[in-house]
Amino acid sequence: MILNPELKEIPIYQPGKPIEDVQEELGLTNVMKLASNENPFGASKRIRERIMKELEMITIYPDGAGRNLKERIADLYHIAPEQIILGNGSDEIIQYLSRAYLNSNTEVIMATPTFPMYKTNALMEGAKVIEIPLVEGRHDLEKMAEVISEKTALIWICNPNNPTGTIISEQELISFLDFVPKDNLVILDEAYAEYVTDQTYPDSLQLLSKYPNFMILRTFSKIYGLASLRIGYGISNLKVIQDLLRIKEPFNANRFAQVSAEEAILDQEFIQYCKEQNEKNKQYFLDELQQLGFSYFPSETNFVLVNVNTDDQLVFQKLLEEGIIIRAGSKLGFPGWIRVTIGTKEQMEKVVDTLKQFA
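Small disclaimer: the values here were computed from a predicted structure and weren't measured. (Residues numbered from 1 in each chain as written. Predicted model: local features only at pLDDT ≥ 70, side-chain atom pairs only at ≥ 80, totals over all residues. Heavy atoms only, no water.)

Caption draft 1: Structural context of the packing of aromatic side chains. Overall, the coordinates contain eleven aromatic pairs when judged by the stated rule. Pairing Phe115 with Tyr118 gives two aromatic rings, centres 5.6 Å apart and planes at 75 degrees, and the pair type is edge-to-face. The pair Phe115 / Tyr118 is uniform in exposure class, with both members buried. When the ring of Phe297 is compared with that of Phe334, the centres are 5.8 Å apart and the planes differ by 70 degrees; the resulting orientation is edge-to-face. Of this pair, Phe297 sits in the loop between β9 (295-296) and β10 (303-307) while Phe334 is found in the loop between β12 (327-328) and β13 (337-341), placing the two residues 37 residues apart along the sequence. Taking the relative accessible area as the measure of exposure, Phe297 reaches 12% and is therefore buried. (Phe/Tyr/Trp six-rings, centres within 6.5 Å; stacked < 30°, edge-to-face > 60°. Buried < 20%, exposed > 50% of the residue type's maximum accessible area, 1.4 Å probe, protein only. Helix = DSSP H or I, 4+ residues; strand = E, 2+ residues; numbered from the N terminus.)

Right, here's the structure in full:
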């Protein structure tokens, strides 16, 4: 068998270590995972009862159109259900966008470092990837604008950015959208939008009607706590959504993911609680980092990228030995840094105690 030549340069994705592997390797019973930016407070209690009811339908295909969930999202954001496409995580919608609009004669513009799946999927389609380095952890929209050409098809903006947690403001985004030609699709990946407290953060939904070449991605994997169920969505104008529906898998969003997301949306009190707890525990962590002399990027997410001023693999291993799984920055394009998910107060205290050894 001969591998598709377009795939030869694509690295195999390396996920964070599972809790079970660390327990077995190091003989630990208490292991906390602060590597994948999951919600340490779980998900809405409404979900368990709904899933139990749906077990009776386990032999029946889910609604391929996801009508009920689309209506629930539409009600939340005051948009039309037809503006929404569901995905097996927002990762799948990234795949659809790449398949729909990219080929060997097109180009993609993105920041670096940022979420790696933008690049991976572009390379799969044979497109050229133009990467613009971050400036102080933030997208350099001016440089991104300068490299737009007649071959540009997609422009990716991760806001807040992963792995830095930084944002671009609404005014910066509007200025960029005003400049971008109408045949270039700008995708704003807002996986962590619900965590943002900065008042300059874009009200992106209000921009959809003005910019037909604009799309928003969001997910239920982060603050909603449904990471294992893999459910995300995209919002755009009807043409873009129709383009993507041409290549969407028939039953891509499973029944349990759909009904769980429906219930999760209704429990906004829980979402507000998670946001408040995240902000409180993050502030504790940032205060402690300052006391220890570690620098970091200002984060509007549920994670912090920390400069540990030494070999990040060494810090990663020490934290692992203490039963704490984080992400080494060298895996994310930031050697000498670590990315730590904000957990409970007790979890962050344990991280701080271990980092004191490197201060």
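What follows continues from the structure just given.
Caption draft 2: Region of interest: a nonpolar patch on the surface. Taken together, the side chains of Met52, Leu55 and Ile58 define a hydrophobic patch exposed on the protein surface, amounting to about 300 Å² of accessible area. Looking at the element boundaries, Ile58 is found in the loop between α2 (46-54) and α3 (67-77). (Patch = residues over 30% accessible without salt bridge, like charges linked within 9 Å, V, L, I, M, F, W, Y side chains within 5 Å. Areas by Shrake-Rupley, 256 points an atom, 1.4 Å probe, with all protein chains shown as cover. Salt bridge = Lys/Arg side-chain N within 4 Å of Asp/Glu carboxyl O.)

Caption draft 3: Just the sheet that holds strand β5 (residues 152-158), in detail. Overall, mixed pairing links the seven strands, which are arranged β2-β8-β7-β6-β5-β3-β4 in an open sheet. Two strands close off the open sheet at either side, each with one partner strand: β2 (84-87) and β4 (128-133). Strand after strand, the sheet turns through a mean of 20 degrees between neighbouring axes, direction not considered. Pairing geometry for strand β6 (residues 185-189) and strand β7 (residues 214-219), over four bridges, is parallel. Residue pairing for β7: Asp189 is matched across the bridge by Leu217. Across the sheet, α3 is in contact with β2, β7 and β8 (232-235); its angle to β2 comes to roughly 125 degrees. Strand contacts of helix α5 (residues 117-124): β3 (107-112), β4, β5 and β6, with the helix running at about 160 degrees to β4, the strand carrying the most contacts. (Pairing = 2+ DSSP bridges. Axes fitted to C-alpha atoms, helices over the stretch in contact; angles between N-to-C directions. Contact = heavy atoms within 4.5 Å.)

Caption draft 4: Region of interest: the pairing of β5. Within β5, seven of the seven residues are buried, which leaves it mostly tucked inside the rest of the structure. Relative to β5, β3 is paired through three bridges, and the arrangement is parallel. Bridge pairing in β5 places Val108 opposite Leu154. By the bridge criterion, five bridges tie β5 to β6 in an arrangement that is parallel. Bridge assignment links Leu154 to a residue of β6, and that residue is Leu185. Between β5 and its parallel partner β6, the chain crosses via helix α7 (residues 170-179), and the hand of that crossover is right-handed. (Right-handed = clockwise from strand over helix to strand, strands pointing away.)

Caption draft 5: Just the sheet that holds β9, in detail. Pairing is antiparallel across the open sheet formed by four strands, whose spatial order is β9-β10-β13-β12. The sheet is open, and its two borders are formed by β9 and β12, each paired with just one other strand. The pairing of β12 with β13 spans two bridges and is antiparallel. Each residue of the ladder has a partner; that of Ala328, found in β13, is Ile338. Packing against the sheet, helix α10 (residues 268-292) makes contact with β9, β10 and β13, and its axis sits at approximately 5 degrees to β10.

Caption draft 6: Local environment of the environment of Arg218. Its place among the elements puts Arg218 in strand β7. Between the alpha carbons of Arg218 and Ser90 there is a distance of 6.5 Å; along the sequence they are 128 residues apart. Leaving out residues up to four positions away in the same chain, Arg218 has contacts with Tyr77, Ser90, Glu190, Ala193, Glu194, Ser204, Gly232 and Tyr233. Polar side-chain contacts of Arg218 include one of 3.0 Å to the side chain of Tyr77. One polar contact links Arg218 to Glu190, side chain to side chain, over a distance of 2.8 Å. (Polar contact = N/O pair within 3.5 Å; in protein donor to acceptor, adjacent residues only side chain to side chain.)

Caption draft 7: Spotlight on the nonpolar core. Counting 52 residues, the largest nonpolar core has Ile73, Ile157, Phe176, Phe214, Phe220 and Ile235 as its most contacted members. With five residues, helix α9 (residues 255-266) is the largest single contributor of residues to this core. With near-sequence residues (within four places) excluded, Ile235 lies in contact with Tyr77, Ile79, Gln83, Ile84, Leu205, Leu208, Phe214, Met215 and Ile216. (Core = buried A, V, L, I, M, F, W, Y, C linked by side-chain atoms within 4.5 Å.)

Caption draft 8: Broad picture of the environment of Lys356. Position of Lys356 relative to the elements: it lies in the segment after α12 (345-355). Taking the C-alpha atoms as reference points, Lys356 and Asp75, separated by 281 residues in sequence, lie 47 Å from one another.

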